[in-house]
Amino acid sequence: QVRLVESGGGSVQAGGSRRLSCTASGYTFSSFTVGWFRQIPGQEREGVAAIYGGSLRTVYADSVKGRFTIALDNSKNTVYLQMNSLKPEDTAMYYCAAAPYYVSAVGILRASTYYDWGQGTQVTVSS
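Now for a look at the structure at hand. (Residues numbered from 1 in each chain as written. Predicted model: local features only at pLDDT ≥ 70, side-chain atom pairs only at ≥ 80, totals over all residues. Heavy atoms only, no water.)

Right, let's talk about the pairing of strand β11 (residues 121-126) for a bit. Burial along β11 is one-sided: the face carrying Thr121, Val123 and Val125 is buried and the face carrying Gln122, Thr124 and Ser126 is not. In the sheet, strand β2 (residues 10-13) pairs with β11 via four bridges, with the strands oriented parallel. Across the sheet, the residue bridging to glutamine 13 is serine 126, located in β11. Here strand β9 (residues 92-100) runs beside β11; their pairing, made up of three bridges, is antiparallel. Among the inter-strand pairings, tyrosine 94 is bridged to a residue of β11, identified as threonine 121. (Buried < 20%, exposed > 50% of the residue type's maximum accessible area, 1.4 Å probe, protein only. Helix = DSSP H or I, 4+ residues; strand = E, 2+ residues; numbered from the N terminus. Pairing = 2+ DSSP bridges.)

Here the focus is the sheet that holds strand β7 (residues 68-73). One open sheet accounts for four strands, arranged β1-β3-β8-β7; its pairing is antiparallel. Two strands close off the open sheet at either side, each with one partner strand: β1 (3-7) and β7. Direction aside, the axes of adjacent strands within the sheet are offset by 15 degrees on average. Here six bridges tie β7 to strand β8 (residues 78-83), and the two strands are oriented antiparallel to one another. Counterpart to isoleucine 70 in the pairing with β8 is leucine 81. (Axes fitted to C-alpha atoms, helices over the stretch in contact; angles between N-to-C directions.)

The quantities given are spatial measurements derived from coordinates; they are silent on function.
Listed below in structure tokens is the structure:
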């Protein structure tokens, strides 16, 4: 059974850091494209970062570029989102998602591109 599980959410002060993890069972991330998304209630899900499991090429939304880093640990079949210099506007429910390889550049941060989703983990950044 394909399953994605996120962890690492919680409360953090502005300027602090947090690392989110997404672990897959049922398939290996190395054969998929993996994205991190976030959502505030009442708003559309926003693409944050993505990584091609094979090439390890990464893509970031402008809002997090230079602050967030996505990485894949093949030995643990886990994708991480390292979040530094957090801002209150980063507060959201964060989801990881997987899509069949290959995903085009235009769709890599588009939620509709992805088929498998985790349950989400809440990140709250206080000022």
